[in-house]
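Overview (structure and organization)
Given next are the chains, with one letter for each unit.
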Amino acid sequence: WMSTRLAWCNMQTNGPFTFNQTNATVNSVGIKLGYDFGNDIRTEIEYIRSGSQNNISTNQLLFQSAYTPELFYHLHAVAAAHLGVMSIKNDNIYGQSITQNGFIYGGKAGLLYRFADRNEFEIGYKYSVADIDDKTITVNGDSYKYRLNDVNLQSLYMGYNFRF
């Protein structure tokens, strides 16, 4: 199947994104391709692009495995685990634009409604943790280590899946 999704995401870190800011709200869009093994098990690859009002944007490439048992009449539960890579770009670090990369992992839970043989609507909650690499920046000739510690992402998402 192929899917599109929209999400609202809150990112938090113990190391500031900019100065003393330790959280950012981002909206994201994504696309995913997947395979349904037919026994309530799915595997997916998903690309997510996010942006915000705080000069922060992210890219994620996730690999997911999902369990989707039917609860009753076309309504399915969704439980999934994911892992992948993530980049965070910040355009406002002492007047510089920096990009940091790292690994991301987590899980999601939600509901999926199959309203026709090939059409599904999905809503849910996704929680992710990212381990982002440090970056050295230079400000007025001095070098500083810029670090995002304990990056946590919480997302509410909805999406449309087309099965083929």
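Above this text sits the structure in question.
I will try to describe carefully the structure that is included in this document. (Residues numbered from 1 in each chain as written. Predicted model: local features only at pLDDT ≥ 70, side-chain atom pairs only at ≥ 80, totals over all residues. Heavy atoms only, no water.)

**Concerning the nonpolar core**
- In terms of nonpolar packing, the biggest core is built from 20 residues, with M11, M86, I88, A130, V151 and L153 touching the most fellow members.
- Mapped by element, the contributors of at least two residues to this core are strand 1 (2-12), strand 2 (23-36), strand 4 (56-67), strand 6 (75-93), strand 7 (96-116), strand 8 (119-132), strand 9 (135-139) and strand 11 (151-162).
- For this core, the element with the highest residue contribution is strand 6, accounting for three residues.
- If we ignore the near neighbours within four places in the chain, the residues touching V151 are Q12, T13, I88, S128, V129, A130 and I132. (Core = buried A, V, L, I, M, F, W, Y, C linked by side-chain atoms within 4.5 Å. Buried < 20%, exposed > 50% of the residue type's maximum accessible area, 1.4 Å probe, protein only. Helix = DSSP H or I, 4+ residues; strand = E, 2+ residues; numbered from the N terminus. Contact = heavy atoms within 4.5 Å.)

**With respect to the pattern of salt bridges**
- Going through the model one piece at a time under the given rule, you end up with twelve salt bridges.
- Here E46 ties to R5 by a salt bridge, and the two come within 2.8 Å at their closest N and O atoms. Separated by 41 residues along the polypeptide, E46 in strand 3 (residues 41-52) and R5 in strand 1 bring together distant segments of the chain. Each member of the pair E46 and R5 is classed as buried.
- Across the pair R163 and D36 runs a salt bridge, and its minimum N-O distance is 3.1 Å. Here the residue R163 occupies a position in the segment after strand 11, and D36 occupies one in strand 2, the gap between them amounting to 127 residues. Each member of the pair, R163 as well as D36, is classed as buried. (Salt bridge = Lys/Arg side-chain N within 4 Å of Asp/Glu carboxyl O.)

None of this, on its own, says anything about what the molecule does.
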